[in-house]
Amino acid sequence: MEYPVSIEKEGIKIRTEMMETDKLYYCMYQDKVLLFFKDKNDLLNCYEIEDNEIVDEVRKSKLQDIEKTLEKYIEKKNLNH
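If you're wondering where the values come from, they're calculated on a predicted model, not measured in any experiment.

Here we look at the sheet that holds strand 5 (residues 44-49)
Okay, so step 1: Spatial strand order, 3-4-5: 3 strands in an open sheet with antiparallel pairing. The sheet is open, and its two borders are formed by strand 3 (25-29) and strand 5, each paired with just one other strand. Averaged over all neighbouring strand pairs, the angle between strand axes comes to 20 degrees, with direction disregarded.
Okay, so step 2: Bridging between strand 3 and strand 4 (residues 32-38) involves 5 bridges; their strand directions are antiparallel. Within strand 4, the position partnered with Tyr26 by the bridge is Leu35.

Regarding helix 2 (residues 66-76)
Okay, so step 1: Within helix 2, burial applies to Ile66, Thr69, Leu70, Tyr73 and Ile74. Looking down the long axis of helix 2, one finds its buried residues gathered within 135 degrees of arc, a one-sided arrangement. Seen from the open side of helix 2, the exposed residues pointing more than 90 degrees away from its buried face are Lys68, Lys72, Glu75 and Lys76.
Okay, so step 2: Following helix 2 by one or two positions, Asn78 has its phi on the positive side, about 55 degrees.

Some details on the confidence of the model for the protein chain
Okay, so step 1: Mean pLDDT for the protein chain: 88, with 95% of residues reaching 70 or above.
Okay, so step 2: Put simply, helix 2 is where the protein chain has its lowest mean pLDDT, 81, and strand 2 (residues 11-14) is where it has its highest, 95.

Some remarks on the environment of Glu17
Okay, so step 1: Looking at where Glu17 falls in the secondary structure, it is placed in the loop between strand 2 and strand 3.
Okay, so step 2: A relative accessible area of 62% means that Glu17 is categorised as exposed.
Okay, so step 3: Counting along the chain gives 25 residues from Glu17 to Asp42, while the straight-line C-alpha distance between them is 9.3 Å.

Remarks on the nonpolar core
Okay, so step 1: Within the largest apolar cluster, 10 residues are counted, these being Tyr26, Val33, Leu35, Ile49, Ile54, Val55, Val58, Ile66, Leu70 and Tyr73.
Okay, so step 2: Taken together, the elements giving at least two residues each to this core come down to strand 4, helix 1 (52-60) and helix 2.
Okay, so step 3: Apart from the residues within four sequence positions on either side, Leu35 is in contact with Leu24, Tyr25, Tyr26, Asn45, Cys46, Tyr47, Ile49 and Leu70.
Okay, so step 4: In this structure, Met19, Tyr25, Cys27 and Phe36 belong to the second largest nonpolar core, which totals 6 residues.

Criteria and cut-off values
- Residues numbered from 1 in each chain as written.
- Predicted model: local features only at pLDDT ≥ 70, side-chain atom pairs only at ≥ 80, totals over all residues.
- Heavy atoms only, no water.
- Pairing = 2+ DSSP bridges.
- Helix = DSSP H or I, 4+ residues; strand = E, 2+ residues; numbered from the N terminus.
- Axes fitted to C-alpha atoms, helices over the stretch in contact; angles between N-to-C directions.
- Buried < 20%, exposed > 50% of the residue type's maximum accessible area, 1.4 Å probe, protein only.
- Arc of directions from axis to C-beta.
- pLDDT = per-residue confidence, 0-100.
- Core = buried A, V, L, I, M, F, W, Y, C linked by side-chain atoms within 4.5 Å.
- Contact = heavy atoms within 4.5 Å.

This is the structure in structure tokens:
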């Protein structure tokens, strides 16, 4: 299955019709980590992380470890409440 978030010449392209509800999607763009998810009301939510520490960690992470890195950051900053 194709990933619903991609970076193109014009910027970020988000295909919400491909997104699962309440699943976190992410991308790196202009030295930021962008997080996206579609809620139960089909509204798109977007968060931008500029914190150099997490941006560097995500950049260094293996693809399969990025989600764990983001989860640790969210817990550390208490962003899920």
